Amino acid sequence: MTNRERNLFGRPPARNRSANRVNLTSTDIRAVIERSTAYFQPIVDLNTGQVLGAETLVRFVDSDGTLRGPGGIIERIEENSDDLEALTWRLFRSMAENAGPLLDRHRGFYLSANVPPVLLASPRLKHILDDSRLARYIDRLVCEITERQALTDAGREALAIARPLGLRIAMDDFGTGQSGLKQLIGLPLDFLKIDKSEIDPLMKDPTADRLLRGVVALAAALRVKVIAEGVETREQAFFLHAAGVDAGQGWLWSKAVPPGELERLVTSGFSEQTRWKEESRA
Ligand code: G
Ligand code: MN
């Protein structure tokens, strides 16, 4: 999956988009958007096990109450900019309503969300932030933009517009877009999220290990924090920590969870996952 591109709200698109496309009328789509909700996947400090933030991922609630990931529906929503905006509004509203109290209680905690560059660059973004009541948390929001999107002229323009609003920026899926070191210089970034496809081969492929160390050095030079995505094992977390990666996100800690569960994880943290420090000292 090295060449995949992620679409909105964190989902690799199907190889054949039309095959994945659901057969829904525009009225159906609006109803689906109205029933969507925000789930949150924790982002964990590899040093302390503390939950630093969470990535917002959309879930669609079926009429019978079952939850679905974005696959299938999201491709259809992305075809229409009004639907895309409606979904962003709905998700921002769900973030403000459901995670607002948590943001109030945990002052250092942040939420990230994949925001389409077309919206990042639009004057509508400020309106959506205000109207969804997420604007009051603007300094706790991180917009994720994929490596490919960020490096286009439209992406650069979007970042230049969004940053002055007070939002922070994460480059998502880093490692999938073959960007050169030079291209990153000058981009207004706060976080670099290393794609799962760069994490999977660690400790099996020495080149992957060396590349990771290179990315850590690059991020240090650019003064951006590094987050590893798709971390599934303790060995990976140990390796990443030793290599100087700041934070991790993945099933080792948690899948995307509803707000109540997120609050529990933020309160308890994952210090048991960082016990390797004591083990190595013993
Ligand atoms: O790139 P982005 O952060 O937007 O992708 C999030 C997606 O990655 C979600 O669809 C989520 O379900 C998936 N994901 C998150 N953590 C893991 C993991 O540890 N393993 C696997 N296989 N998928 C993950
Ligand atoms: Mn993402």
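Use the structure listed above.
Read on for a plain summary of the structure. (Residues numbered from 1 in each chain as written. Chains lettered and ligands numbered in written order. Predicted model: local features only at pLDDT ≥ 70, side-chain atom pairs only at ≥ 80, totals over all residues.)

1. Points about the packing of helix 4 (residues 81–105) against helix 13 (residues 259–268)
Link 1 in the chain: Interaxial distance between helix 4 and helix 13 falls to 10 Å at its minimum, and their mutual angle equals 15 degrees. One way to sum up the angle between helix 4 and helix 13 is to call them roughly parallel. Between helix 4 and helix 13 lies a crossing of right-handed hand. The segment helix 4 lies against helix 13, with Asn98, Ala99 and Leu102 engaging Pro259, Leu262, Glu263 and Val266.
Link 2 in the chain: In terms of residue class, the contact of helix 4 with helix 13 is built from five nonpolar, one polar and one charged. (Axes fitted to C-alpha atoms, helices over the stretch in contact; angles between N-to-C directions. Helix = DSSP H or I, 4+ residues; strand = E, 2+ residues; numbered from the N terminus. Parallel < 35°, antiparallel > 145°, perpendicular 65-115°, else oblique. Left-handed = near helix turned anticlockwise from the far one by under 90°. Contact = placed C-beta atoms within 7 Å. Nonpolar A, V, L, I, M, F, W, Y, C, P; charged D, E, K, R; others polar.)

2. A word on unusual backbone geometry
Link 1 in the chain: Residues other than glycine seldom take positive phi values, yet Arg133 does so here, at roughly 65 degrees.
Link 2 in the chain: The class for Arg133 is partly exposed, based on 14 C-beta atoms found within 10 Å. (Buried ≥ 20, exposed ≤ 12 C-beta atoms within 10 Å, placed from the backbone.)

3. Quick notes on the nonpolar core
Link 1 in the chain: Counting residues in hydrophobic clusters, the biggest one holds 70 residues, and the most contacted among them are Val44, Met95, Cys143, Ala162, Ile169 and Leu192.
Link 2 in the chain: Broken down by element, this core gets its largest block of residues, six residues, from strand 2 (residues 51–61).
Link 3 in the chain: Sequence-distant contacts of Ala162, defined by excluding residues within four places in its chain, comprise Leu120, Leu125, Cys143, Leu167 and Ile169. (Core = buried A, V, L, I, M, F, W, Y, C linked by C-beta atoms within 7 Å.)

4. Some points on the packing of helix 4 against helix 6 (residues 124–131)
Link 1 in the chain: At a closest axis distance of 9 Å, the pairing of helix 4 and helix 6 adopts a crossing angle of 35 degrees. Two packed elements cross with a definite hand, and for helix 4 against helix 6 that hand is right-handed. Judged by residue contacts, Glu85, Thr88, Trp89 and Phe92 of helix 4 engage Arg124, Ile128, Leu129 and Asp131 from helix 6.
Link 2 in the chain: Residue composition of the contact of helix 4 with helix 6, by class: four nonpolar, one polar and three charged.

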